[in-house]
Amino acid sequence: MTEHRPQVVIVGAGFGGLAAAKALRKAPVDVTIVDQRNHHLFQPLLYQVATAGLSPADIATPIRAIVKDNANTTVVLDRVNGVDATTRQVTLAGGRSVRFDWLILATGAHHSYFGRDAWAEHAPGLKTLDDATAIRRKVLLALEKAETEGPGDGRQALLTFVVVGGGPTGIEMAGAIAELARRSISKDFRNITPHCSRVILIEAGERLLPTFPRALSEKARQSIEGLGVEVMLGHPVNDVAADGVSVGNRFIPTHTTIWAAGVRASPAAYWLGAECDRAGRIVVGDDLRVPGIDHVFAIGDTASCPGPGGTPLPGVAPVAKQQGRHAALSIIRALEGRTVAPFRYRDYGNLATIGRHRAVIDFGRLTMSGPGAWLLWCVAHIFFLVGFRNRFVVGASWLWNYLTFERGARLITGDAAPSA
Ligand SMILES: Cc1cc2nc3c(=O)[nH]c(=O)nc-3n(C[C@H](O)[C@H](O)[C@H](O)COP(=O)(O)OP(=O)(O)OC[C@H]3O[C@@H](n4cnc5c(N)ncnc54)[C@H](O)[C@@H]3O)c2cc1C
């Protein structure tokens, strides 16, 4: 007679899902990871793909390769489109369903336009490799067109790049575009000089990096302005069109707007009919379980979990990783007949980089900024990348870029020539 091992299904192989799979690899359970993509993506470095500093494969690793040594784990490439918590089935877009005894939902979040979804066409967000290569194409094509356009307003609009959202991603994008357009590639063009491009960073709130201490927000503003980025604070965007952005009573002509302003959780709450917050995140109990459904955990960006003082924990990779591990260990405890403990987040600090040698770090009592913080940022990101090859390639690319200012991944993929 074959033994029935508990079936654990993990939906999503991002930071949270993979941490859960890793913690379960020696447990007496069968694990099925379902993801709509075949790769795990290191999202913190997506902006470098979007600005031609790294290639897509440098920051992504096939999920199967990551878990190949986990004998109890299988991988299914499919999109989940529903969960029946009563019959314990996850339904897949391909028509199949997968049965579970325990379910970990780790489906992350995507960008949100606060109900103005039509803006997505003109202001792409950054979440996937496809998003990053589409933005890279947009930025590089604008520069190519500007090279052949005669002087005037049309050319200036092509050389104006607008980033909406002053959080870490917005700052990283704006700084990297400024370096790309003003420093790295201007020497390859005949008609684009370092000072003819404009990069504008628009933030609705009164300061950049609102989750960082005020002094670091100010340092970040000074550093990004030092790179030539124009910062507009307290300016909510009213409209985004193909030819520009409206802010207050100003219209900024541009062909390249990038959205880094808001996120919305995956539809996991909808699948379960569970309570969610304004960003669509499932409001979980302090043990990360979905209230009323004891065998289902929700973690990472798709969950709203109270942190110290009751404020929900931020949507960052360390939260997702620690929650993934906690959910996995809770399943093991429950199988052993022990009680499931509440989740406690250990905050090791917040990082954001600004251009090629500036960063800000908030360790709580200690804060850092400048080149030392940037070096620490580089080390941390190489350390957390998955796979030796990616660590090596990213480290080497950064060193090369640092010494030469060159951006090796300046490829415009797809049809680049104007249609007849
Ligand atoms: C551009 C950018 C920069 C960032 N920079 C930082 C940073 O510097 N530091 C930091 O700590 N955090 C950063 N973050 C946030 C961090 O990446 C997230 O908090 C983290 O990825 C959340 O992990 P997760 O496991 O919850 O979700 P994700 O890592 O997003 O993984 C979700 C997974 O679920 C899969 N999935 C989604 N829906 C389905 C479905 N229906 N069926 C099957 N599979 C599905 C997806 O394909 C994906 O693999 C950044 C995010 C972005 C977008």
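The model shown is predicted, which means the values in this text are computed figures rather than measured ones.

S.K.: Before we go on, may I ask you to explain unusual backbone geometry in this structure?
M.R.: What is expected of a backbone is that most residues other than glycine have negative phi and most peptide bonds are trans. Positive phi, close to 55 degrees, is recorded for Arg88, a residue that is not glycine. On the secondary structure map, Arg88 appears in the loop between strand E6 (80-84) and strand E7 (89-92). Using a relative accessible area of 29% as the deciding quantity, one classes Arg88 as partly exposed. The backbone phi angle of Phe114 is positive, close to 50 degrees, even though this residue is not glycine.

S.K.: Is there a simple way to think about the nonpolar core in this case?
M.R.: Most often, soluble globular proteins have nonpolar side chains that are buried together. If you look at the biggest cluster of nonpolar residues, it comprises 61 residues, and the most contacted ones within it are Leu45, Ile59, Leu143 and Met173. If near-sequence neighbours (up to four positions away) are discounted, Met173 is found in contact with Tyr47, Ala50, Thr51, Leu126, Ile135, Val163 and Ile258. In terms of nonpolar packing, the next biggest core, distinct from the first, is built from 55 residues, Ile33, Val98, Leu288 and Ala327 among them.

S.K.: For this particular structure, what's the right way to read the packing of helix H10 (residues 371-384) against helix H11 (residues 388-404)?
M.R.: Relative placement of two packed helices is described by the angle separating their axes and the distance separating the axes. Running from amino to carboxyl end, H10 crosses H11 at an angle of 155 degrees, the nearest separation of the two axes being 9 Å. Relative to H11, H10 is oriented roughly antiparallel. Residue-level contacts link Trp374, Trp377, Cys378, His381, Ile382 and Phe383 of H10 to Arg391, Val394, Gly395, Trp398 and Tyr402 of H11. Here the contact of H10 with H11 is built from residues that sort into eight nonpolar, two polar and one charged.

S.K.: Even after reading the chapter, I still don't get the site of the ligand, so can you show me in this structure?
M.R.: Inspection of the region around the ligand gives 27 residues, with Gly16, Asp35, Val80, Asp301 and Ala317 positioned closest. In the environment of the ligand, an oxygen atom lies 3.3 Å from a nitrogen or oxygen atom belonging to the side chain of Lys127. Interatomic distance of 3.1 Å between a backbone N/O atom of Gly315 and an oxygen atom of the ligand. Against a free-state accessible area of 990 Å², the protein chains account for coverage of 88% of the ligand. Listing elements by their share of the shell around the ligand, those giving two or more residues are helix H1 (15-23) and helix H9 (317-335). In terms of residues, the shell around the ligand owes the most to one element, H9, which gives three residues. Of the residues belonging to the shell around the ligand, the class tally is 11 nonpolar, 10 polar and six charged.

S.K.: What is the right way to look at the pairing of strand E21 (residues 293-298) in this model?
M.R.: In summary, the side chains of a regular strand alternate between the two faces of the sheet. For E21, the buried fraction is high: five of the six residues fall into the buried class. Note: strand E9 (residues 102-105) against E21, three bridges, orientation parallel. Across the sheet, residue Leu103 finds its bridge partner in E21, namely Val296. Sheet topology places strand E20 (residues 289-290) next to E21; two bridges connect them, and they run antiparallel. Bridge pairing in E21 places Arg289 opposite Phe297. Joining the antiparallel neighbours E20 and E21 is a turn of two residues, in which Gly292 adopts a positive phi near 85 degrees.

About the cut-offs
- Within each chain, residues carry numbers counting from 1 in the order of the written sequence.
- Local features in this predicted model are restricted to residues whose pLDDT is 70 or higher, and side-chain atom pairs enter the listing and the counts only when it is 80 or higher, whereas totals over whole chains, interfaces and linings include all residues.
- To get the side-chain values, take all heavy atoms of the structure and skip hydrogens and water.
- Secondary structure counts use DSSP, requiring at least four H or I residues in a row for a helix and at least two E residues in a row for a strand, with both numbered from the N terminus.
- Three exposure classes are used, based on accessible area relative to the maximum for each residue type with a 1.4 Å probe and protein chains only: buried under 20%, partly exposed in between, and exposed over 50%.
- Only buried residues count toward a nonpolar core. Its members are Ala, Val, Leu, Ile, Met, Phe, Trp, Tyr and Cys residues joined through side-chain atoms within 4.5 Å.
- Should any heavy atoms of two residues lie within 4.5 Å, those residues are counted as being in contact.
- Axis lines are fitted to C-alpha atoms, over the contacting stretch for helices. Their N-to-C directions set the angle, which ranges from 0 to 180 degrees.
- For classification purposes, angles smaller than 35 degrees are called roughly parallel, those larger than 145 roughly antiparallel, those between 65 and 115 roughly perpendicular, and all remaining angles oblique.
- Amino acid classes used here: Ala, Val, Leu, Ile, Met, Phe, Trp, Tyr, Cys and Pro are nonpolar; Asp, Glu, Lys and Arg are charged; the rest, including Gly, are polar.
- Residues are labelled near a given molecule or strand when at least one of their non-hydrogen atoms is within 4 Å of it.
- Counting of polar contacts relies on pairs of N or O atoms within 3.5 Å, with two restrictions inside protein: one atom must be capable of donating a hydrogen and the other of accepting it, and residues adjacent in sequence are counted only when both atoms are side-chain atoms.
- Method for areas: the Shrake-Rupley scheme with a 1.4 Å probe, in which residue coverage is limited to the protein chains shown.
- Two strands qualify as a pair provided DSSP detects at least 2 bridges between them.

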